[in-house]
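What follows is each chain in one-letter form.
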Amino acid sequence: MDEDLRMEKLILKVSFTGSLLLLIAEIIMAFVSRSQAVIMDCLFDIADIIMLGPFMMLVPLLYQPVTEKRPYGFSQVESLFLIVKYGALIAITVKLVIDNIRLIMSGGHNINAGAVATFEISMAVLGLVMYFILRHMNKKLSSPTTKADLCMWRIDSLSTFGVGIAFIIQIILQGTSFGWISPYLDPLIALIMAVTLIREPIVMFAESIKNLILFAPKKEIVDNIRQKAYEALKKYKYDIEFLDIIKTGRKIWIEVYITPEGDLVTISNLKYAHDEIIEELSKSYDNVYLEIIPEIE
């Protein structure tokens, strides 16, 4: 557990430092070029850094054991942070969609496409380098926060590369009969980025709300847990009467209500079944809490 905490804090520190350095470069480029696409990148990165900084202080709390006072620990605080983070990204994206539609309707604007293309492709390469470094560091963790951070690096890098290619196309078009498109291309690219990138924040926002209000996890997770529990319990002639699963943040709480084939329920068999289920589920999930409860009618 201490090793996981140390690694997660290191990943977040590396991600924060990388994001901050790239953000400084993007702010300078946005000021110089006045490109809507670069501004879009800036705002996404600003929202990410604003949330990542305070969350680094929260991480140690997520590794504290549950108590009677806090039966779910601080897991729901993690879900709350993700809701705020993705909610901010959704709001920013919607605002930029509106702004760029207005800019297109007003005739667009011209920018130095060559400089922006070179900058965006350079940022994409650096972003992908950071993504692969962080993915390697994250191999042994199953933290929703670091996974969300990895997702943001991947999406941002690929979208930035696409923007660079789009501006190269703009340079090519400037000497052709399609040159009239040039003033509209920057806000159009920003608009396409906004519409494309908003899907991931919406999905994660909805998932975090479900976790915060303690809804059951996705059906495939429930089915997988049910199958693993069934396989372990049938060895001891127990049937599953009811399965209660709660996922919040990075933790999963499972209550399995069982009925024996006869009247006998032994503590040793329950312990063996419990350990087998935990061992199997630990291959797919971290921080699994399991209770096996005989059903009494």
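**Student:** I would appreciate a short explanation of the packing of helix 8 (residues 219-233) against helix 9 (residues 267-281) in the present structure.
**Tutor:** How two helices sit against one another is set out by the angle between their axes and by the gap between those axes. Where helix 8 contacts helix 9, the axes come no closer than 9 Å and their chain directions differ by 145°. The hand of the helix 8/helix 9 crossing is right-handed. The residues of helix 9 that touch helix 8, namely those facing Ile-225, Lys-228, Ala-229, Ala-232 and Leu-233, are Ala-273, Glu-276, Ile-277, Glu-280 and Leu-281.

**Student:** What is the right way to look at the sheet that holds strand 3 (residues 288-294) in this model?
**Tutor:** Strand pairs in the sheet, formed through backbone hydrogen bonds, run parallel or antiparallel to each other. Read across the sheet, 3 strands follow the order 1-2-3 without closing on themselves; strand pairing throughout is mixed. A strand with exactly one partner marks an edge of an open sheet, and here the two such strands are strand 1 (238-248) and strand 3. Each neighbouring strand pair of the sheet contributes to a mean axis angle of 15°, computed without reference to strand direction. Inspection of the sheet shows strand 1 paired to strand 2 (residues 251-260) by 10 bridges, in the antiparallel sense. Residue pairing for strand 2: Tyr-238 is matched across the bridge by Pro-260. Across the sheet, helix 8 lies against strand 1, strand 2 and strand 3, angled at about 145° from strand 1, the strand it touches most.

**Student:** How should I be thinking about the packing of aromatic side chains in this particular structure?
**Tutor:** Note on aromatic pairs: each is described by the distance of the centres and the angle between the planes. This structure, assessed with the given rule, holds 3 aromatic pairs. Ring centres 5.2 Å apart and planes at 65° place the aromatic pair Tyr-131 and Phe-132 in the edge-to-face group. For Tyr-131, a relative accessible area of 10% translates into the label buried. With a centroid separation of 6.0 Å and an interplanar angle of 50°, the aromatic rings of Phe-242 and Tyr-257 are classed as tilted. With Phe-242 in strand 1 and Tyr-257 in strand 2, this pair connects stretches of sequence that are 15 residues apart. Judged by relative accessible area, Phe-242 falls into the partly exposed class, the value being 48%.

**Student:** Hey, could you run me through the packing of helix 6 (residues 182-197) against helix 7 (residues 199-212) in this one?
**Tutor:** Packing of helix 6 against helix 7 leaves a shortest axis separation of 4 Å and a crossing angle of 25°. Relative to helix 7, the element helix 6 lies roughly parallel. Between helix 6, through Val-195, Thr-196 and Leu-197, and helix 7, the contact on the second element is made entirely by Arg-199, Glu-200 and Pro-201. The class makeup of the residues in the contact of helix 6 with helix 7 is 3 nonpolar, 1 polar and 2 charged.

**Student:** Can you walk me through helix 4 (residues 113-137) in this structure?
**Tutor:** Counting along an α-helix, one turn takes 3.6 residues, and residues three or four places apart therefore face a common direction. Taking 1.5 Å of rise per residue, the 25 residues of helix 4 would be expected to cover 36 Å, and the 36 Å separating its terminal C-alpha atoms lies within 8% of that figure. Inspection of helix 4 places Ala-113, Val-116, Ala-117, Phe-119, Glu-120, Met-123, Ala-124, Gly-127, Met-130, Tyr-131, Leu-134 and Met-137 among the buried residues, and these make up the whole buried set.

**Student:** Sorry, what's going on with a negative patch on the surface here?
**Tutor:** A cluster of like negative charges, contributed by Asp-239, Glu-241, Glu-261 and Glu-295, occupies part of the molecular surface. Mapping Glu-295 onto the fold places it in the segment after strand 3. Residue classification places Glu-295 among the partly exposed positions, given a relative accessible area of 33%.

**Student:** Mind showing me how you'd approach the nonpolar core here?
**Tutor:** Soluble, globular proteins show a tendency: their nonpolar side chains are buried together. Within the largest apolar cluster, 38 residues are counted, with the highest numbers of intra-cluster contacts made by Leu-134, Phe-167, Ile-189 and Met-193. When residues of this core are traced back to their parent elements, those giving at least two are helix 1 (2-33), helix 2 (36-62), helix 3 (75-105), helix 4, helix 5 (144-173) and helix 6. Per element, the largest residue contribution to this core is 9 residues, and it comes from helix 4. With 22 residues, the next largest nonpolar core counts Ile-221, Ile-225, Ala-232 and Ala-273 among its residues.

Rules behind the numbers
- The numbers attached to residues start from 1 for each chain and follow its sequence in the written order.
- With the structure being a predicted model, the display of local features is reserved for residues of pLDDT at least 70 and the display and counting of side-chain atom pairs for 80 or more, all residues being used for whole-chain, interface and lining totals.
- Excluding hydrogens and water, the side-chain figures rest on all heavy atoms present in the structure.
- Axis definition: a line fitted to C-alpha atoms, limited for helices to the stretch in contact. Angles are taken between N-to-C directions and run from 0 to 180 degrees.
- The numbering of helices and of strands both runs from the N terminus, where a helix is a DSSP run of H or I of at least 4 residues and a strand a run of E of at least 2.
- In a left-handed crossing the near helix is turned counterclockwise from the far helix by less than a right angle, and in a right-handed crossing that turn is clockwise.
- Only heavy atoms matter for contacts: two residues are in contact if any of them lie within 4.5 Å across the pair.
- When DSSP finds two or more bridges between two strands, those strands count as paired.
- Working definition: a ring pair exists when centres of Phe, Tyr or Trp rings (six-membered ring for Trp) sit within 6.5 Å. Plane angles under 30 degrees give stacked, over 60 give edge-to-face, the rest tilted.
- Each residue's exposure class comes from its accessible area (1.4 Å probe, protein chains only) as a fraction of the maximum for that residue type: buried when under 20%, exposed when over 50%, partly exposed otherwise.
- Each angle is binned into one of four classes, with values under 35 degrees roughly parallel, values over 145 roughly antiparallel, values of 65 to 115 roughly perpendicular, and all other values oblique.
- Ten residue types, Ala, Val, Leu, Ile, Met, Phe, Trp, Tyr, Cys and Pro, are classed as nonpolar, four, Asp, Glu, Lys and Arg, as charged, and the remainder, Gly among them, as polar.
- Helix span, expected: 1.5 Å multiplied by one less than the number of residues in the helix.
- Residues qualify for a patch when their relative accessible area is over 30% and they have no salt bridge, like charges being joined within 9 Å and the nonpolar side chains of Val, Leu, Ile, Met, Phe, Trp and Tyr within 5 Å.
- Using a 1.4 Å probe, accessible areas were evaluated by the Shrake-Rupley method; residue-level cover was limited to the displayed protein chains.
- The salt bridge criterion pairs a side-chain nitrogen of Lys or Arg with a carboxyl oxygen of Asp or Glu, the two atoms within 4 Å.
- Charge assignment in this entry is limited to Lys and Arg as positive and Asp and Glu as negative, and neither His nor the chain termini are counted.
- For this purpose, a charge sits on NZ of Lys, CZ of Arg, CG of Asp or CD of Glu.
- Side-chain atoms within 4.5 Å are what join buried Ala, Val, Leu, Ile, Met, Phe, Trp, Tyr and Cys residues into a set we call a nonpolar core.

Read these as geometric descriptors, not functional statements.
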